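# Working through the structure, step by step
Spelled out, the chains give:
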Amino acid sequence: MRNATDWRTARVAHIDEPAADVRRVVFDVTGGVPPFDPGSHTNIRVTIGGQGAIRTYTCLPAGRDQIAIAVKLHPQSRGGSRFIWSLMPGQEVELTAPENRFELSWRAPEYLLLAGGIGITPIYGMAQALAARGQKVRMHYGAQSRAAMPFVEDLQALLGDRLTLHAADQGQFIDLDAVIAELPPSGEAYVCGPLGMLEAVKAAWARAGRPISRLRYEVFGDNGKFAELPFEVSVMNTGISVTVRPDQTLLGALQEAGVEMIYDCQRGECGLCAVGLVTREGEIDHRDVFFSEEEKREGHRMCSCVSRLVGGCAVIDIGYRP
Ligand code: FES
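Quick notes on the rules
- Residues numbered from 1 in each chain as written.
- Predicted model: local features only at pLDDT ≥ 70, side-chain atom pairs only at ≥ 80, totals over all residues.
- Heavy atoms only, no water.
- Buried < 20%, exposed > 50% of the residue type's maximum accessible area, 1.4 Å probe, protein only.
- Helix = DSSP H or I, 4+ residues; strand = E, 2+ residues; numbered from the N terminus.
- Arc of directions from axis to C-beta.
- Contact = heavy atoms within 4.5 Å.
- Pairing = 2+ DSSP bridges.
- Axes fitted to C-alpha atoms, helices over the stretch in contact; angles between N-to-C directions.
- Core = buried A, V, L, I, M, F, W, Y, C linked by side-chain atoms within 4.5 Å.
- Domains from an automatic or database assignment.

## Considerations on helix α3 (residues 152–159)
Within the span of α3, buried status applies to Val152, Leu155 and Leu159. Relative to the axis of α3, the buried residues are bounded by an arc of 65° and lie together on one face. Of the exposed residues in α3, those oriented more than 90 degrees away from the buried face are Glu153 and Ala157. Where α3 is buried, its residues touch α2 (120–132), β9 (137–143) and β10 (163–167). Positive backbone phi, at 55°, marks glycine 160, one or two positions downstream of α3.

Next comes the structure, spelled out in structure tokens:
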């Protein structure tokens, strides 16, 4: 069950495309929007395959009583990005007031911002806020190509030579060990990008002997190592079996079948939706940042909101006892 949240009606005010395959949608929110910090997110009720679902997006800086989001159209989208891309000016949606689980501490002498692809969305707001307060900040922004990077002109104007772009199609990649070494020992790093990038940053941070408390991150929950395949799941003690389609999550399939699940972030961060794996045929594509590498290797549990089996089947334990 999701936390009690403050749902509001909002109307699409404006749509533009700040980069290739990235659409920014600005909503006018009925009843206004309380002030929010960079890193905040909003939940939006979307429709996927005729079914209602909730997707979470970073709130970008926007006008008074507005919430803006930027969404990349994923070829393998489970449907959330397709829904957002289908929106037209004037259309109504329901969304929540901004909440924040990826906050700047405001206590570090220097900040390192690392963004990968559409992971720029929270980092962009952080760069603006840090620059506005005259904080020491450096930023590295990597993506497949320069054309795929939204907000670059704004960021260049804000940060000047404190911003470095890394376009993979030009053979440019972030040297994580080097950029972390430049950060003073009490500096903090904030990272948002795909799972592989986050794992690489965590490994480099550990190699540098830095405390994990000074590394803060957010990940896209829908980036896996394998393509989405259907898989079968039986829920222990309930007699319920589901087929998880490629365009849905295990959590979504269980809910569709009437299984009451506990969950919150739906991004593989909080661990509330974790299920036990009693038996399993098929590899796990762990897409969360909640479990440790060791726990992932053991394969006894997985986050149902993002992780999946690479085909095959499993019996899961959701903690229900008759
Ligand atoms: S709901 Fe938070 S990890 Fe799945």
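Here the narrative resumes.
## Structural notes on the sheet that holds strand β8 (residues 111–116)
One key point about sheets: their strands pair by backbone hydrogen bonds, in either a parallel or an antiparallel sense. With parallel pairing, the 5 strands of this open sheet are ordered in space as β10-β9-β8-β11-β12. Unpaired on one side and paired on the other, β10 and β12 (215–219) mark the two borders of the sheet. Ignoring which end each strand starts from, the neighbouring axes of this sheet average 10° apart. Two strands pair when backbone bridges link them, and strand β11 (residues 188–193) and β12 are joined in this way by 5 bridges, in the parallel orientation. Note on β12: the bridge partner recorded for alanine 189 is leucine 215. In the packing of α3 onto the sheet, the strands contacted are β9 and β10, and the crossing angle to β10 comes to about 150°.

## Notes on the nonpolar core
The biggest cluster of nonpolar side chains holds 33 residues, and the ones touching the most others in it are Leu113, Ile120, Ile123, Met139, Tyr141, Leu155 and Tyr190. Put simply, the parts of the chain that give this core at least two residues each are β2 (22–29), β5 (66–72), β8, α2, β9, α3, β10 and β11. The biggest single contributor to this core is α2, with 7 residues. Counting contributing residues, this core receives three or more from each of domain 1 (7–100) and domain 2 (111–219). Counting 25 residues, the second largest nonpolar core, distinct from the first, contains Val242, Val259, Cys303 and Ile316.

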